[in-house]
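# Architecture at a glance
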Amino acid sequence: MSSSFEANLAKLANLSVQTGVGLLPGQELIISGDIAFAPFVRLLQESAYKLGAKNVFVQYSDEQGTLIRYRNGNPEAIGYSAGWFHEAVAGMLEGGGAYLSITGGNPGLLKEVDPSLVAASSKAHAQAAKKLSNVIMEAKANWCGVPYATPAWAKLVFPEVSESEAIAKLWDAIFATTRVTEEDPIAAWDAHCSELERRSAYLNERQFHSLRFTGPGTDLTVGLADGHLWCSARLRADNGAVCIPNMPTEEVFTMPHRNRVNGVVRSTKPLSMRGTVLDGIEVEFENGKVVKAKAAKGEEQLLRLIDTDAGARFLGEVALVPNSSAVSQTNLMYFNTLFDENAASHIALGQAYAETLEGCSELTDEEKRGQGMNESLIHVDWMIGSGETDVDGVAADGTTEPLMRAGEWV
Ligand code: ZN
Ligand code: ZN
């Protein structure tokens with residue numbers, strides 16, 4: 001690898017810990033990722049200690065180990081998840097720690113595995129890690145997710161070129177969209193976050209009753225939760241740290257009203273989920289609930305997903321992303337949600353983020369539900385925006401305001 005690659009990777013590591021996680025001096029940090037990411041993990045460790053970390057704990061996973069488990073494990077093993085471990089991580093975060101996860105595995109790793117086994121394993125994991133995901137969804141700790149290019153992922157994005165060329169091209173896209181190639185990446189992120197905050201401030205001032213998405217195969221009204229808050233890149237966690245949970249990020253997002261989503265919607269990009277790629281998703285909502293769902297590819301996985309629990313057929317997030325976003329401009333299909341959800345407006349089935357409801361931490365569970373917050377073991381984003389999508393804001397009195405035309409902010 002070239003020296004400029006090494007320099008950019010080190011810059012990405014420092015940016016991830018300093019600006020992404022927003023690590024505070026004296027904080028403990030957990031880094032989670034596949035063993036294939038080790039060269040990057042070591043750079044992250046170096047940055048974290050230089051920034052004053054008290055301890056960096058690395059939790060390595062292994063894709064090959066995952067496949068070994070699916071091929072050889074009995075049903076009890078597939079349906080088991082080490083709850084004691086997730087409890088320990090949740091406890092460490094509640095005690096003031098920070099979390100950094102690295103994504104970039106093979107998007108099609110589990111395509112040959114029986115979907116019922118994948119669904120059982122995913123549900124067991126979500127149940128065992130519920131407390132940990134609550135700590136994260138409720139912004140109790142500072143956290144960040146960043147990418148790392150691997151051969152299997154790169155070949156899916158660039159099937160026409162050699163493996164080494166594909167990896168180099170994917171890294172170029174990662175460095176560009178995470179703003180590592182800017183003169184001063186930290187200043188570039190500051191300016192980008194401020195711009196997104198200007199957008200969310202405008203939407204918060206408007207307090208729309210609902211959003212209406214129209215486009216090919218889509219006519220969807222997404223009611224917004226009572227007291228919904230639009231959020232974007234930067235998050236202030238309960239522990240006082242300011243983090244950017246996703247790098248890259250281009251979205252402004254808020255909480256839909258659980259029971260006020262109606263109409264039909266068609267996905268605009270493939271969705272990589274649980275080791276398989278889904279495509280051509282078409283869903284119909286009635287009073288918030290998915291009443292019809294099909295997919296040209298991965299329909300069985302989709303149907304199993306929405307049957308996970310009572311909240312899996314309802315929305316937990318709606319996000320607006322212009323078609324000209326930095327991720328969209330690369331004109332690539334990434335098969336990785338961290339990227340694809342930042343190239344198009346999207347919705348997420350399942351759990352809602354507490355930060356997107358005003359004063360959420362002071363509300364009882366019943367009050368949260370009453371205002372429209374959804375709960376579920378899942379949170380799966382999928383893309384519904386494109387250059388052919390229009391979005392209107394609808395006020396409580398029914399008057400409408402154009403927000404996006406042909407995928408761009410008005
Ligand atoms: Zn989102
Ligand atoms: Zn989401």
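Residues numbered from 1 in each chain as written. Chains lettered and ligands numbered in written order. Predicted model: local features only at pLDDT ≥ 70, side-chain atom pairs only at ≥ 80, totals over all residues. Heavy atoms only, no water.

## Quick word on the coordination of the zinc ion (ligand 1)
Put simply, the test is: For Na, K and Ca the donor cut-off is 3.2 Å; for every other metal, N, O and S atoms count as donors within 2.8 Å. Water does not enter the count, which can leave sites looking incomplete. Secondary structure is summarised from DSSP: a helix means a run of H or I of at least four residues, a strand means a run of E of at least two, and numbering begins at the N terminus for each. The buried label applies to any residue whose accessible area, calculated with a 1.4 Å probe on protein chains only, is under 20% of its type's maximum; exposed applies above 50%, and partly exposed to all values in between.
Coordination of the zinc ion (ligand 1) by the protein involves Glu251 (OE), Glu317 (OE) and His346 (NE2), with metal-donor separations of 1.9 to 2.2 Å. Mapped onto the sequence, the residues coordinating the zinc ion (ligand 1) show the spacing E-x65-E-x28-H. For the pair the zinc ion (ligand 1) and the zinc ion (ligand 2), the metal-to-metal distance amounts to 3.5 Å, and Glu317 bridges them. Taken together, the residues span a long stretch of sequence, with Glu251 in the loop between β8 (242-243) and β9 (252-254) and His346 in strand β15 (residues 346-350) at a distance of 95 residues. Neither residue differs from the other here; Glu251 and His346 are each classed as buried.

## Digging into the environment of Trp84
Tracing the chain through its elements places Trp84 in helix α5 (residues 83-94). Taking the C-alpha atoms as reference, Trp84 lies 8.2 Å from Ala128; in sequence the two are 44 residues apart.

## A few points about empty space enclosed by the protein
Picture a little ball the size of a water molecule; that probe, rolled over the atoms, points out where space is still empty. Here is the rule: Only protein atoms enter the 1 Å grid, on which a cavity is a set of points fitting a 1.4 Å probe that cannot get out and a pocket is an open set with protein on both sides within 12 Å along at least 5 of 7 lines, lining residues being those with an atom within 4 Å of a point. Grid points are joined across faces, edges and corners, and a volume is the space filled by probe spheres set on the points. Residues are grouped as follows: nonpolar covers Ala, Val, Leu, Ile, Met, Phe, Trp, Tyr, Cys and Pro; charged covers Asp, Glu, Lys and Arg; every other residue, Gly included, is treated as polar.
If you walk through the whole model with that rule in mind, you get 2 cavities of 30 Å³ or more. Around the largest cavity sit Val321, Pro322, Asn323, Ala343, Ala344, Ser345, Gly385, Ser386, Thr389, Met404 and Gly407, which together line it. Along the lines of polarity and charge, the residues of the lining of the largest cavity split into 5 nonpolar, 6 polar and no charged. Reported here for the second largest cavity is a volume of approximately 40 Å³. If you go around the second largest cavity, the residues you meet are Pro115, Val118, Ala119, Met273, Arg274, Gln301 and Arg304. Counting residues per element, the ones that place at least two in the lining of the second largest cavity are α6 (115-128) and α11 (299-306). Among the elements that make up the lining of the second largest cavity, the one with the highest residue count is α6 (3 residues).

## Topic: the sheet that holds strand β3 (residues 98-103)
Put simply, the rule reads: One requirement defines pairing of two strands: DSSP has to find at least two bridges between them. Note on geometry: axes are C-alpha line fits, over the in-contact stretch for helices, and angles between N-to-C directions span 0 to 180 degrees.
Strand order in the open sheet formed by 4 strands is β2-β1-β3-β4, with parallel pairing between adjacent strands. In the strand order of this sheet, the two ends are held by β2 (55-61) and β4 (143-147), each with one partner. Between one strand and the next, the sheet's axes are offset by a mean angle of 15°, whatever the strand orientation. As paired elements, β3 and β4 share 5 bridges and run parallel to each other. Looking at β4, one finds that Ile102 is bridged to Val146.

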